[in-house]
Amino acid sequence: MVHQPSSQSRLSPSSDTEDTSEMSMLLAPRLAYFAGVARTEHVTRAALEMNVPQSTLSRAMVRLEQDLGVDLFARIGRTVSLTPSGRAFLTHIERALAEIDRAAEEVRADADPATGKVAFGFLHTMGSETVPGLIRAFRADHPRVRFSLVQNYGEAMIERLRAGDLDLCLTSPVPDAPDLVARRLDEQKLRLVVPADHPLASRKRIRLAEAADETFVTLEPGYGLRRITDDLCKEAGFRPRVAFEGEEAETLRGLVAAGLGVALLPPPAVPRPGVAELTVTAPRAVREIGVAWLDGHPDTPPVAAFKKFLLSKRGSLLT
């Protein structure tokens, strides 16, 4: 049985993206039907297995062939057999349907309340102790929840939130944007870190203005801590003279230990030899740590549980 589709119903091959999308929308609803008929080689049997009316299935196959402009089946009554074109098409369709099944299983697994996944971003300085401690405490009640962890600076994490790559992020400063929800969780004191043999190293406390003539090592522009450093120095009445810019706080500590400058940094996870860390008495040198997520973005159960856990840590995140 040969179908001669009209020119209006046939889609011509095209490399144009819009035409490809149009073809996909036309074909997609019928592909599972096609695979079922191809598997059974019998329209009635396939209709019973898929629980659809036989007439619906028959019409879908005719429309599929019309849209493709190719005969997929040779028909003898209700029995059908695949043409060579049909066999070639089935090979690709089975792969596509299997990939759809895998994708559906993956998103269901990620949303499972007990074993789902949380995509969580955080600052590099939170990675050695704070975040591992948080996850350990959370998994005491949610032992099988999985985490996809991303360390980055604040602006990069906000971009990944907006792109849908992250569910939540710990960042500083706490962002203020109309498309985000952010909650302050804690604050962290910053110290002026100087080389161990520096004239200021014997001091316990210092006003930041006393470091106006020092050479600074800082994080690169775009990092939250760099912005805080610039703002604190401005408040103290000077603009820092920057000799080196880096991407990670402990690298800056190493530069300080090598005598290459001073830095405003949060406390280290482990004390580092070769430096002295001074309390800054003025201006008040702290950075706020907060959690952020996309406004209106629906949470899966594991994400909702971890968000609730983080919010319960207000005031005690860093202790």
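Analysis parameters
- Residues numbered from 1 in each chain as written.
- Predicted model: local features only at pLDDT ≥ 70, side-chain atom pairs only at ≥ 80, totals over all residues.
- Heavy atoms only, no water.
- 1 Å grid on protein atoms, 1.4 Å probe; cavity = no way out; pocket = protein on both sides within 12 Å on 5 of 7 lines; lining within 4 Å.
- Points joined across faces, edges and corners; volume = space filled by probe spheres on them.
- Helix = DSSP H or I, 4+ residues; strand = E, 2+ residues; numbered from the N terminus.
- Nonpolar A, V, L, I, M, F, W, Y, C, P; charged D, E, K, R; others polar.
- pLDDT = per-residue confidence, 0-100.
- Contact = heavy atoms within 4.5 Å.
- Buried < 20%, exposed > 50% of the residue type's maximum accessible area, 1.4 Å probe, protein only.
- Pairing = 2+ DSSP bridges.
- Core = buried A, V, L, I, M, F, W, Y, C linked by side-chain atoms within 4.5 Å.
- Axes fitted to C-alpha atoms, helices over the stretch in contact; angles between N-to-C directions.

### Structural notes on the layout of surface pockets
Now for step 1: Looking at the largest pocket, its volume works out to about 460 Å³.
Now for step 2: Forming the boundary of the largest pocket are 24 residues, of which Thr125, Ser128, Glu129, Thr130 and Ala269 lie nearest the centre.
Now for step 3: For the lining of the largest pocket, the secondary structure elements donating two or more residues are α5 (130-139) and α8 (249-257).
Now for step 4: Sort the elements by how many residues they give to the lining of the largest pocket and α5 lands first, with 4 residues.
Now for step 5: Class assignment for the residues of the lining of the largest pocket results in 11 nonpolar, 8 polar and 5 charged.

### A look at unusual backbone geometry
Now for step 1: Here the amide bond leading from Ser172 into Pro173 is cis, since omega sits at -5°, within 30 degrees of zero.
Now for step 2: Position of Pro173 among the secondary structure elements: in the loop between β5 (168-171) and β6 (180-189).
Now for step 3: Of note, the bond from Ala282 into Pro283 is cis; its omega dihedral lies within 30 degrees of zero at -10°.
Now for step 4: Along the chain, Pro283 turns up in the loop between β12 (275-282) and β13 (286-294).

### Regarding the confidence of the model for the chain
Now for step 1: The predicted model of the chain has a mean per-residue pLDDT of 90, with 92% of residues at 70 or higher.
Now for step 2: Note that residues 1-18 has pLDDT below 50 and, in this model, 22 contacts with residues that lie over four places away or in other chains.

### Topic: the side chain of Thr229
Now for step 1: Assignment of secondary structure puts Thr229 in helix α7 (residues 224-235).
Now for step 2: When neighbours within four sequence positions are excluded, Thr229 is seen to be in contact with Thr218 and Leu264.

### Brief notes about the environment of Ile206
Now for step 1: The topology assignment puts Ile206 in strand β8 (residues 205-207).
Now for step 2: Judged by relative accessible area, Ile206 falls into the buried class, the value being 1%.
Now for step 3: The sequence separation of Ile206 and Arg253 amounts to 47 residues, and the corresponding C-alpha distance is 18 Å.
Now for step 4: Beyond its immediate sequence surroundings of up to four residues, Ile206 is in contact with Leu192, Leu200, Leu278, Thr279, Val280, Thr281 and Ala282.

### Quick word on the pairing of strand β2 (residues 79-82)
Now for step 1: Burial along β2 is one-sided: the face carrying Val80 and Leu82 is buried and the face carrying Thr79 and Ser81 is not.
Now for step 2: Inspection of the sheet shows strand β1 (residues 73-76) paired to β2 by 4 bridges, in the antiparallel sense. The residue bridging Ala74 from the neighbouring strand is Ser81, located in β2.

### Regarding the nonpolar core
Now for step 1: Phe120, Phe147, Leu168, Leu170, Phe306 and Leu310 are the most contacted members of the largest nonpolar core, which has 35 residues in total.
Now for step 2: Looking at this core, the element that brings in the most residues is β13, giving 5 residues.
Now for step 3: Apart from residues lying up to four places away in sequence, Leu168 is in contact with Ala119, Phe120, Gly121, Leu161, Val291, Ala292, Trp293, Val303, Phe306, Lys307 and Leu310.

### Brief notes about the sheet that holds β5
Now for step 1: Strands sit in the order β4-β3-β5-β13-β6 across an open sheet of 5 strands; the sheet is mixed. Strands at the two margins of the open sheet, each flanked by one partner only, are β4 (146-151) and β6. On average, adjacent strands in this sheet sit at an angle of 20° to one another, irrespective of strand direction.
Now for step 2: When strand β3 (residues 117-122) meets β5, the two strands line up parallel, connected through 3 bridges. The residue of β5 that forms the bridge with Gly121 is Cys169.
Now for step 3: Against the sheet, helix α6 (residues 154-163) engages β3, β4, β5, β6 and β13, with an angle of about 165° to β5.

### Focus: empty space enclosed by the protein
Now for step 1: Enumeration according to the criterion identifies 2 cavities of 30 Å³ or more in this entry.
Now for step 2: Roughly 120 Å³ of volume is contained in the largest cavity.
Now for step 3: Together, 16 residues line the largest cavity, and Leu123, Thr125, Leu219, Tyr223 and Arg287 are the ones closest to its centre.
Now for step 4: With 3 residues, α7 is the largest single contributor of residues to the lining of the largest cavity.
Now for step 5: Of the residues belonging to the lining of the largest cavity, the class tally is 7 nonpolar, 6 polar and 3 charged.
Now for step 6: Put simply, the second largest cavity is a space of about 40 Å³.
Now for step 7: Considering the residues around the second largest cavity, the lining is formed by Val217, Thr218, Leu219, Leu225, Arg226, Thr229, Leu252, Leu264 and Leu265.
Now for step 8: Among the elements of the structure, β9 (215-219), α7 and β11 (263-265) are those that each provide at least two residues to the lining of the second largest cavity.

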